[in-house]
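Given next are the chains, with one letter for each unit.
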Amino acid sequence: MLKEFRALPTERRAREMKGRDYLWCLTNMLLDQEERLERLCPGCRARALEERCPACGATAGDWGEGAESDAFDLERFEMLKGGT
């Protein structure tokens, strides 16, 4: 929530917020998101609701079960965890 408002937890405006204030903000953010989705056609709405990679935009279905990153270095992983 604080990220959305670009506020640090140490700022006075954030420290003064009560639980009900956070609930009010979250509820209104969810309602705003619903309104944005309702304005989309059915196809675009379905695409907007798909889980996607934040970097490349690939859908979760394209990731594959147990997919492994090409950048993953098994030897380095084993070395860092203390294995062989």
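These numbers were taken from a predicted model, which means no experiment stands behind them.

The number of helices and strands found in the protein is five helices and zero strands. Listing each helix as α and each strand as β along the protein from the N terminus yields α-α-α-α-α. Within the protein, the proportion of its 84 residues that are buried is 8%. In the protein, 12% of the contacts between residues at least 6 apart in sequence involve partners at least 24 apart.

Before going further, it helps to spend a moment on unusual backbone geometry. For arginine 6, which is not glycine, the phi torsion reads 50° and is therefore positive. Within the fold, arginine 6 resides in the segment before helix H1 (12-15).

It is possible for side chains of opposite charge to pair when their charged atoms get near one another. According to the stated counting rule, one finds four salt bridges in the structure shown. Glutamate 16 is the salt-bridge partner of arginine 12, the closest N and O atoms lying 3.1 Å from each other.

Attention now goes to helix H5 (residues 74-81). The element H5 is largely exposed, with a buried count of zero among its eight residues. Its side-chain oxygen 3.2 Å from the backbone nitrogen of glutamate 75, aspartate 73 forms the N-cap of H5.

Residue position: threonine 59 is located in the loop between helix H3 (42-49) and helix H4 (60-63). The exposure class assigned to threonine 59 is buried, which follows from its relative accessible area of 17%. When neighbours within four sequence positions are excluded, threonine 59 is seen to be in contact with Glu50, Glu51 and Arg52.

What follows is about the packing of aromatic side chains. Here the structure, examined in full by the defined rule, presents one aromatic pair. Ring geometry for phenylalanine 72 versus phenylalanine 77: centroids 5.7 Å apart, planes at 50°, classification tilted. Looking at phenylalanine 72, the relative accessible area reads 37%, which means it is partly exposed. Take phenylalanine 77: its relative accessible area is 39%, and that puts it in the partly exposed class.

Moving on: the confidence of the model for the protein. A residue-level look at the protein finds 89% of positions with pLDDT of 70 or above and a mean pLDDT of 85. Here H4 is the element of the protein with the lowest mean pLDDT, 72, and helix H2 (residues 19-38) is the one with the highest, 94.

Moving on: the environment of arginine 52. Along the chain, arginine 52 turns up in the loop between H3 and H4. Separated by 10 residues in the primary sequence, arginine 52 and aspartate 62 have C-alpha atoms spaced 9.3 Å apart. Among the polar contacts listed, one links the side chain of arginine 52 to the side chain of glutamate 50, at a separation of 2.8 Å. Here the side chain of arginine 52 touches glycine 57 through a polar contact of 2.5 Å, landing on its backbone oxygen.

Rules used in this analysis
Along each chain, numbering runs from 1 in the same order as the chain's sequence is written. Confidence filtering applies because this is a predicted model: local features only for residues at pLDDT of at least 70, side-chain atom pairs given and counted only at 80 or more, and all residues used for totals across whole chains, interfaces and linings. For the side-chain quantities, the full set of heavy atoms in the structure was used; hydrogens and water were omitted. Under the scheme used here, helices are H or I runs from DSSP no shorter than 4 residues and strands are E runs no shorter than 2 residues, and both carry numbers assigned from the N terminus. Three exposure classes are used, based on accessible area relative to the maximum for each residue type with a 1.4 Å probe and protein chains only: buried under 20%, partly exposed in between, and exposed over 50%. Contacts are assigned to residue pairs with any non-hydrogen atoms lying within 4.5 Å of each other. A pair is scored as a salt bridge if a Lys or Arg side-chain nitrogen falls within 4 Å of a carboxyl oxygen belonging to Asp or Glu. Polar contacts here mean pairs of N or O atoms no more than 3.5 Å apart (in protein, one a potential hydrogen donor and the other a potential acceptor; neighbouring residues in sequence count only if both atoms are side-chain atoms). Paired rings are identified among Phe, Tyr and Trp, the last through its six-membered ring, by centres lying within 6.5 Å, and are further divided according to the angle between planes into stacked (under 30 degrees), edge-to-face (over 60) and tilted (the rest). Per-residue confidence from the predictor is reported as pLDDT, which spans 0 to 100.

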